[in-house]
Amino acid sequence: MKPNSGTLVINIMNGGKAEAYEGVYQCTARNERGAAISNNIVIRPSRSPLWTKEKLEPNHVREGDSLVLHCRPPVGLPPPIIFWMDNAFQRLPQSERVSQGLNGDLYFSNVQPEDTREDYICYARFNHTQTIQQKQPISVKVFSMDSLNDTIAANLSDTDIYGAKPVTERQPVLLTPTGSTSTKVELRGNVLLLECIAAGLPTPVIRWIKEGGELPANRTFFENFKKTLKIIDVSEADSGNYKCIARNTLGSVHHVISVTVKAAPYWITAPRNLVLSPGEDGTLICRANGNPKPSISWLANGVPIAIAPEDPSRKVDGDTIIFSHVQERSSAVYQCNASNEYGYLLANAFVNVLAEPPRILTPANKLYQVIADSPALLDCAYFGSPKPEIEWFKGVKGSILRGNEYIFHDNGTLEIPVAQKNSAGTYTCVARNELGKIQNDVQLEIKDPTMIIKQPEYKVIQRYGQVSFECIIKHDSTLLPTVTWLKDNDELPDDERFLVGKDNLTIMNVTDKDDGTYTCIVNTTLDSVSASAVLTVVAAPPTPAIIYARPNPPFDLELTGQLERSIDLSWIPGDENNSPITNFVIEYEDALHEPGVWHYQTEVPGTQTTVQLKLSPYVNYSFRVIAVNKIGRSQPSEPSEQYLTKSASPDENPANVQGIGSEPDNLVITWEPLKGFQSNGPGLQYKVSWRQKDVDDEWTSVIVANVSKYIVSGTPTFVPYEVKVQALNDLGYAPEPSEVIGHSGEDLPMVAPGNVQVHVINSTLAKVHWDPVPLKTVRGHLQGYKVYYWKVQSLSRRSRRHIEKKILTFRGNKTFGMLPGLEPYSSYKLNVRVVNGKGEGPASPDKVFKTPEGVPSSPSFLKITNPTLDSLTLEWGSPTHPNGVLTSYTLKFQPINNTHELGPLVEIRIPANESSLILKNLNYSTRYKFYFNAQTSVGSGSQITEEAVTIMDEAGILRPAVGAGKVQPLYPRIRNVTTAAAETYANISWEYEGPDHANFYVEYRVAGSKEDWKKEIVNGSRSFFVLKGLTPGTAYKVRVGAEGLSGFRSSEDVFETGPAMASRQVDIATQGWFIGLMCAVALLILILLIVCFIRRNKGGKYPVKEKEDAHADPEIQPMKEDDGTFGEYRSLESDAEDHKPLKKGSRTPSDRTVKKEDSDDSLVDYGEGVNGQFNEDGSFIGQYSGKKEKEPAEGNESSEAPSPVNAMNSFV
């Protein structure tokens, strides 16, 4: 056996006999999880035995007799291939008369003198041993009648009567198979070969038929001059009697071969590997078919399951193994064996009991690029046991993706059928099971489609001129396009006259061979577009153009050779006007039946000026001729003289004969009446005949005229009738018409469907079954069944409502249907009715069924009232559609800061019988977002969201009136305008108290100038704004106002932008080690303050300190580095005041920290501690990090002088 492999190598090249290894082999692969086994592999050595020696007598045959030369090859393994040759190793010619049978014998239907030879040799070729065995030559001597008569005449006197009979013809006789019948058994999927070889003179011809059926199309072939019938890939449907018929001029003979198709086992459902987690249930199914029906047996790890180690979680039920509450020790490899007398099937199925947390196999941060408005497929290949559930999110804080705009595939792939620009971003795939969860991000980029904005245009150019085609494109800036030019869908000729530019193709010195279609193809890695234009090369300026026009009409029409059914028409063509006449169109008018209406008769080539026209009886003909050339049709010629043909009996009968009843007791016979010229004579009438089908009745007939309908009354309800309509006129009847089958009128069905059963699939879908009604009771054409269903009441609300019945129609003879769109947790009734062409039958008894609970709809409302410093009151209404018994409500809420970032989420479970809740211990002056939904035992319903704000403090509010909602501030105001300037921009922030949804604006101008204030509108209700495009090293005044409040503005603030190219430095005063050192030694603090003052002078001063001194506010507090909250913005000069007592009302403790509840509007919790900064657009530098943990101060911080940007960590 090969190392590290299951391959067994048997090598007899260096000795040994193949017979020693003959036998049945089977491979078993085993590890600690189980054992798998292979199919049986049979090894048998090939054999090519010699022919047994035999004495072969010459064959003497009379001309015309049949002959069989037997081959009888030795039995080899595998069987040899037989062929007949002569001593020169040339194949003997075969024909319908001489052919080789399936058994290798050579059959002569009749021998001829040329068949005489002594070297008929049968060869047997053994392919496996690459040997050919030869039988001894066979001699054949054919005696002709002429030579036999000459021999007899030489031995008789002239007076004797002599002479052998001439060659006599004989009717066919079968050489093989013998007898009149035989049988043949073949296996399903094999090739069926049936053979019939006949003797006879003349040589018989073989024909094959299948009794009671047709030979299968596309699978039937005839070989050996139709003596062999070959049907490939046979199935059970090919069983039956096959008849071969041998026929010549003297008669025929036949043989019937009864074919039975048996089948080795074949799979219907092969067992498949099963991955289960501990405690789960599962099944292995092994279903096979065959003829005869195969038996099913199971093995576990290669051992019959009856004697395999017992597993309490396993139960064998015929072709199914049922697993219940499996454990890890239940892992095993099971084998299913399906056997009958013709073969067997063996399949291994690994039952793997595995507890595995989810794994995502798709590479992390995989980039997908698609063109806008095309599908995007984002992969999330996963593995885990139990099978993980897959959810997709978009963005860092996005909600779970749902809705019709997404398609979720079972393999985890997310499909966006039409990707738009806003579809770009980061998508997160989350796989979770009870053992854990894992997520993976992928990136989606949406690219603009490539377009040809100026396409090449059709050009006509003179020979030896110059032509240019343009192909100007527009594409996504991140994609690199390639432009290719083709001529007539092939590469451009290798010719220096073709110049390909960036966006054009120029052809110099144009020749006739440049004529064609030129295509510009633009390809990127994601898409491809093309555009084409035709180039026509013309000669030098032509001579004055020839005027082409439609031909003039023909004239001098003449009728000759008048007969009852034909006439000759001739004419003289008009001027063709420089364009040859291609054909003439002949039209006729029937002045007797349709005067003034011209009909197409025929057309002839343009070289022909006479034609013989076929005529119908009883028509008054006039003819006209129209000439046609490439330019168009001429005007019609003048009509010919009229010619009236004689009357005759009709040649045809009415078409579209139908028999359809309009009432239960009648039969309406309709037909399409003959046109006037079809009547062939006066007195056109119709003979209408009918009789009941399958009843020994005579035909009943009536003759009617000028109608196309006849009603037969008093018929039984919905019985078949044979109907025919025959035309006649004064000269006789038309030929006998064909019969059609019609039905008398339908009546309403008599009975209702029975045994109506309802199977509730889920809370919104049910399946209804019924037994079909007997066809005799339908009393009409069965059109289908109608299911009437309606909601009786909701099980969660006992109040009844108006009943609205719904109807579903199921076409044909269906016996089941699906009822979609049901309401959960409701009681329904339904009934079923059969429908025919007349209408509906009686309804079945009403069937009552109930739908299970579902998830509820969102609560009907959520109101938030009575705000206080630390509490809010929530009121809500129960869901409009509870869809079950409510078990509870879930309230989730979280704070929102001024940049609309979300804080930690709190979840509360509320009993279902509550309708209000007072939330306490909230932070003052804080906006909260609430998410509220209801639950049933099935799960959570959709949520309703709302936002509310706790009030600011007790001093600035009015007491609410009784029953009032939110408490409004006493007056609106904007305060604490703060600025932080850089070289060319400044961050402006403020605090606002007043009505919600105020629209702010910022005004600014250069300090000391008299120019007008420049005004910038703030987007939304944000409390910060970034002024851009400022001049470096310039002082500005700034103020903030609110739209709609006349004269309502903040006080002005002054700031100065930094000098050009100022370096960004770190504020040493905010470092932790510096603060600790300052607290330890007073003398060292003084020295450090002097050093910092010197460094501060190097970096430039800013007017922020003056502003802070003028507008001191206890709300502005120092920042504690450890918890990331904000304090005031200060320069190093203010450090000397760090040890002064706190002002009255200050909330800053003596250790210079700010408690969490004292700085609820701080943004530092969402930034990166003291290093958090604003970009120019006001967004934070750094990543949202949630609640910050305390970080030790690092001792290697830079001590360079702070710049205005770095000194301002962040602000609200």
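To be clear, the structure that these remarks concern was listed above.
Residues numbered from 1 in each chain as written. Predicted model: local features only at pLDDT ≥ 70, side-chain atom pairs only at ≥ 80, totals over all residues. Heavy atoms only, no water.

Student: Even after reading the chapter, I still don't get the overall build of the protein, so can you show me in this structure?
Tutor: The secondary structure content of the protein amounts to 6 helices and 87 strands. Classification of the 1212 residues of the protein by burial places 40% in the buried group. Contacts spanning at least 24 positions in sequence make up 64% of the contacts within the protein whose residues lie at least 6 apart. Carbon and sulfur atoms provide 51% of the accessible area of the protein, an area that totals close to 66,100 Å². (Helix = DSSP H or I, 4+ residues; strand = E, 2+ residues; numbered from the N terminus. Buried < 20%, exposed > 50% of the residue type's maximum accessible area, 1.4 Å probe, protein only. Contact = heavy atoms within 4.5 Å. Areas by Shrake-Rupley, 256 points an atom, 1.4 Å probe, with all protein chains shown as cover.)

Student: Help me understand unusual backbone geometry, please; the structure alone is not making it clear to me.
Tutor: Between L77 and the following residue, P78, the backbone shows a cis peptide bond with an omega angle of -5 degrees. As for its position among the elements, P78 is in the loop between β6 (67–69) and β7 (81–85). Going from L201 to P202, the amide bond is cis rather than trans, its omega being 0 degrees. Among the structural elements, P202 can be located in the loop between β16 (197–201) and β17 (205–210).

Student: Would you explain the pairing of strand β19 (residues 228–231) in this entry?
Tutor: A regular strand places its side chains so that they alternate between the two faces of the sheet. As paired elements, strand β15 (residues 192–195) and β19 share 4 bridges and run antiparallel to each other. In the sheet register, L194 faces β19, and the bridge partner there is L229. When strand β18 (residues 220–223) meets β19, the two strands line up antiparallel, connected through 4 bridges. Note on β19: the bridge partner recorded for E223 is T228. In sequence, β18 turns back onto β19 through a hairpin of 4 residues, with N224 there showing a positive phi of about 55 degrees. (Pairing = 2+ DSSP bridges.)

Student: When you look at the packing of aromatic side chains in this model, what are you seeing that I'm missing?
Tutor: A ring pair, where both rings are aromatic, is described by two values, the distance of the centres and the angle of the planes. On inspection of all chains with the given rule, the structure shows 23 aromatic pairs. Ring geometry for Y621 against F623: centres 5.5 Å apart, planes inclined by 5 degrees, an arrangement best described as stacked. One exposure class covers both Y621 and F623, and it is buried. Put simply, the rings of F83, F89 and Y123 pair up and form one aromatic cluster. (Phe/Tyr/Trp six-rings, centres within 6.5 Å; stacked < 30°, edge-to-face > 60°.)

Student: When you look at the sheet that holds strand β32 (residues 366–371) in this model, what are you seeing that I'm missing?
Tutor: The strands that make up a sheet are held in pairs by hydrogen bonds between backbone atoms, and each pair lies either parallel or antiparallel. Pairing within the open sheet is mixed, and its 4 strands lie in the order β32-β39-β38-β35. Strand pairing shows two members of the sheet lacking a second neighbour, β32 and β35 (389–394), which therefore form its edges. Ignoring strand direction, the axes of neighbouring strands in this sheet form an average angle of 25 degrees. Where strand β38 (residues 425–433) and strand β39 (residues 436–447) come together, 9 bridges link them in antiparallel fashion. Bridge pairing in β39 places G425 opposite L444. (Axes fitted to C-alpha atoms, helices over the stretch in contact; angles between N-to-C directions.)

That is the geometry; function is a separate question.
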